[in-house]
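A look at the structure
Single-letter residue listing:
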Amino acid sequence: MLVLEQLWRGNISPADRFVKRGSEYQRISTAYCELIDKLLEGFQPQAKEQWEASEELRRQMTTTEQEDAFVCGFRLGAR
């Protein structure tokens, strides 16, 4: 079955991403999470809530950017 057929039938999802154990991405992600945990320890509750709200907005922006890039790339590939 072709990749586009699998995509159409919902058998694959471009949004699914698996992180390989020991990969560069996993190393960076782990270091980032540890740094954030240390940073948040010193925050007052209100500041922590504000920071978490800003991070949620950043995640939403990133997701929207990635979705737009996927759609653009798919359209270019279809041409």
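Only a predicted model underlies this, so the values are computations on that prediction, with no experimental measurement involved.

**Remarks on the confidence of the model for the protein**
Summary statistics for the protein give a mean pLDDT of 87 and a share of 94% for residues scoring 70 or more. Looking over the protein, one finds the lowest element-wise mean pLDDT in helix H1 (residues 3–8), namely 76, and the highest in helix H2 (residues 24–41), namely 93.

**Some thoughts on the pattern of salt bridges**
Between side chains of opposite charge, a pair can form when the charged atoms approach closely. Enumeration over the complete set of coordinates arrives at 3 salt bridges. Close ionic contact of Arg58 with Glu55 constitutes a salt bridge, the shortest N to O distance being 2.9 Å. Pair noted here: Arg58 and Glu55 are both in helix H3 (residues 45–78), with a separation of 3 residues, about one helical turn. Taking the shortest distance from any N to any O, the salt bridge between Arg59 and Glu56 comes out at 3.3 Å.

Reading the values: rules and limits
- Numbers given for residues are sequential positions, taken from 1 along each chain in its written order.
- The model is predicted, so local features are restricted to residues of pLDDT at least 70 and side-chain atom pairs to those at 80 or more, both for listing and for counting; the totals for chains, interfaces and linings are taken over all residues.
- Calculated side-chain values reflect all of the structure's heavy atoms, with hydrogen atoms and water omitted.
- Looking at any residue, its pLDDT shows the predictor's confidence there, from 0 to 100.
- Each helix corresponds to a stretch of at least 4 residues labelled H or I by DSSP, and each strand to a stretch of at least 2 residues labelled E; elements are numbered beginning at the N terminus.
- What counts as a salt bridge is simple: a side-chain nitrogen of Lys or Arg found within 4 Å of a carboxyl oxygen of Asp or Glu.

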